[in-house]
Amino acid sequence: MVQELAEATGDQQREAGQQAPAWTLLQDVGLTLYRDMVLGRRFEDKCAEMYYRGKMFGFVHLYNGQEAVSTGVIQALQRKHDWVCSTYRDHVHALSMGVPARQVMAELFGKEAGCSKGRGGSMHLFSREHHLLGGYAFIGEGIPVALGAAFSSRYGRDVLKDTSSDAVTAAFFGDGTCNNGQFFECLNMAQLWKLPILFVVENNKWAIGMAHDRATSNPEIYRKAAAFGMVGEEVDGMDVLAVRAAAQRAVDRARSGKGPTLLECLTYRYRGHSLADPDELRDAQEKDFWAQRDPIMALATQLIRHDLASPERLAAIDKEEEARVADAVEFALAAPEPQPSDLKRYIWAE
Ligand SMILES: Cc1ncc(C[n+]2csc(CCOP(=O)(O)OP(=O)(O)O)c2C)c(N)n1
Ligand SMILES: [Mg+2]
């Protein structure tokens, strides 16, 4: 673990022109990853509470269990420079991208203060400021959007000769989505043009109630990259350090013009497909197996074992993030509704 953290901090230090990784920097990276995952988990738990109390409406898809993927990949990106495209399971990607919890929660409550002005709701979070290209309700819909962003980086650099145009885009999507045509079309174009993009598959074994192995001829998704001559890599999606390291390799490849990567993260969603799903199809043994590999618990154990954090320090972070989420709920509940007279506003760009 110390080695992986040292690699991560080494990147930061190289940028700052320093030499050996200092212990405090190792600690900083470890705690940043921990805090980001805790915020995601607490936020989602609060959403479930609000939904079941009848305060939140529509379909709401939670991310519990998959936090190491969002945190690991997004922490390898450059904030407000690189881009991310999500799915309907998008709250935690938005938080990892730095969209304030208040704005995300207000969006879920349909308020004007939400990141999509209350017009998008849970499945359509968007923030230009934070380089979040959106959540999308149709599966696979975000992949070509991400491809377009990656194309524009490459075009800016190669055709318009703008050397600062080196942004990388990460497209997140699920295992079920990899049986959709847009996935294959976009992989082909990305490799053909060596676009700076990460195709991040969050393989949580299920597409609503369809088990991945029952629906997919070759369940090892990362191997599909080979059909396009692309690099494909499989990573333990419950291990945030492993995800971060794999994402960093892919980001380096993309930014240096070597092209895309298909990164398959093996993970699990703890809750039903959406909050309307009673989750009766998956067996308890399977759920237990993955619960024991919880990404937040795993990182906490490592941080404590390597003397990078005390249990008290981690508990304090838990409390701070819990308070951030409680504040977001208060803010969202008090925020004004959009005006009926503004019904058609934001349909077109202003
Ligand atoms: C084009 C399209 N077809 C069907 C659906 C219905 N649908 C919603 S979620 C889903 C399963 C997606 O599973 P996966 O890609 O594994 O993502 P996960 O929900 O596991 O994150 C399907 C088929 C849809 N939203 N869009
Ligand atoms: Mg899935």
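Residues numbered from 1 in each chain as written. Chains lettered and ligands numbered in written order. Predicted model: local features only at pLDDT ≥ 70, side-chain atom pairs only at ≥ 80, totals over all residues.

Visitor: What am I meant to see in the overall build of the protein here?
Guide: Counting its regular elements, the protein contains 12 helices and 7 strands. Compactness check: the protein gives a C-alpha radius of gyration of 20 Å against a globular reference of 20 Å for 350 residues, within 12% of the reference. Considering only C-alpha atoms, the protein reaches an extent of 50 × 50 × 45 Å along its principal axes. (Helix = DSSP H or I, 4+ residues; strand = E, 2+ residues; numbered from the N terminus. Rg over C-alpha atoms; globule rule 2.2 N^0.38 Å.)

Visitor: I'm lost on unusual backbone geometry in this one. Help?
Guide: In terms of backbone geometry, most residues other than glycine have negative phi values and most peptide bonds are trans. You will see that Lys117, though not glycine, has its phi angle at about 60 degrees, which is positive. As for its placement among the helices and strands, Lys117 is situated in the loop between α5 (101-108) and α6 (142-158). Assessed through the 17 C-beta atoms surrounding it within 10 Å, Lys117 is described here as partly exposed. The phi angle at Asp279 is positive, at roughly 55 degrees, despite the residue not being glycine. (Buried ≥ 20, exposed ≤ 12 C-beta atoms within 10 Å, placed from the backbone.)

Visitor: I'm lost on the pairing of strand β3 (residues 197-203) in this one. Help?
Guide: The side chains of a regular strand alternate between both faces of the sheet. Most of β3 is tucked away: 7 of the 7 residues are buried. A two-sided burial pattern is seen for β3, the buried positions comprising Ile197, Phe199, Val201 and Asn203 on one face and Leu198, Val200 and Glu202 on the other. Relative to β3, strand β2 (residues 169-174) runs parallel, the two being bridged by 6 bridges. Across the sheet, residue Thr169 finds its bridge partner in β3, namely Ile197. In this view, the connection linking β2 to its parallel neighbour β3 by way of helix α7 (residues 181-192) has right-handed handedness. (Pairing = 2+ DSSP bridges. Right-handed = clockwise from strand over helix to strand, strands pointing away.)

Visitor: What is the right way to look at the sheet that holds β3 in this model?
Guide: Pairing in this open sheet of 5 strands is parallel, and the strands run β1-β2-β3-β7-β6 from one edge to the other. Each edge of the open sheet is held by one strand with a lone partner, namely β1 (83-85) and β6 (231-236). Put simply, the sheet's adjacent strands are angled 20 degrees from each other on average, direction ignored. When β3 meets strand β7 (residues 261-266), the two strands line up parallel, connected through 6 bridges. Note on β7: the bridge partner recorded for Val200 is Leu263. (Axes fitted to C-alpha atoms, helices over the stretch in contact; angles between N-to-C directions.)

Visitor: What is the right way to read the UniProt feature "domain: Dehydrogenase E1 component" (unreviewed entry) in the protein from this model?
Guide: UniProt's entry tags residues 36-340 with the feature "domain: Dehydrogenase E1 component" (unreviewed entry), counted in the numbering of this structure. Segment residues 36-340 splits into 43% helix and 10% strand. End C-alpha atoms: 36 Å apart. (UniProt positions renumbered as here; feature names shortened; annotations may be inferred.)

Visitor: Is there a simple way to think about the packing of α6 against α7 in this case?
Guide: Each pair of packed helices can be summarised by the angle the axes make with each other and by the distance between the axes. The N-to-C vectors of α6 and α7 enclose an angle of 15 degrees; their axes lie 9 Å apart at closest approach. For the element pair α6 / α7, the angle class is roughly parallel. As for how α6 packs across α7, the hand of that crossing is left-handed. Residues Ile143, Pro144, Leu147 and Ala150 of α6 form the contact with α7, whose own contacting residues are Gln182, Phe183, Cys186, Met189 and Ala190. Classifying every residue of the contact of α6 with α7 gives 8 nonpolar, 1 polar and no charged. (Parallel < 35°, antiparallel > 145°, perpendicular 65-115°, else oblique. Left-handed = near helix turned anticlockwise from the far one by under 90°. Contact = placed C-beta atoms within 7 Å. Nonpolar A, V, L, I, M, F, W, Y, C, P; charged D, E, K, R; others polar.)

Visitor: In this structure, what is going on with the environment of Gly120? I would like to understand it.
Guide: Here Gly120 shows up in the loop between α5 and α6. With 20 C-beta atoms counted inside 10 Å, the residue Gly120 sits in the buried group. Separated by 12 residues in the primary sequence, Gly120 and Leu108 have C-alpha atoms spaced 8.2 Å apart.

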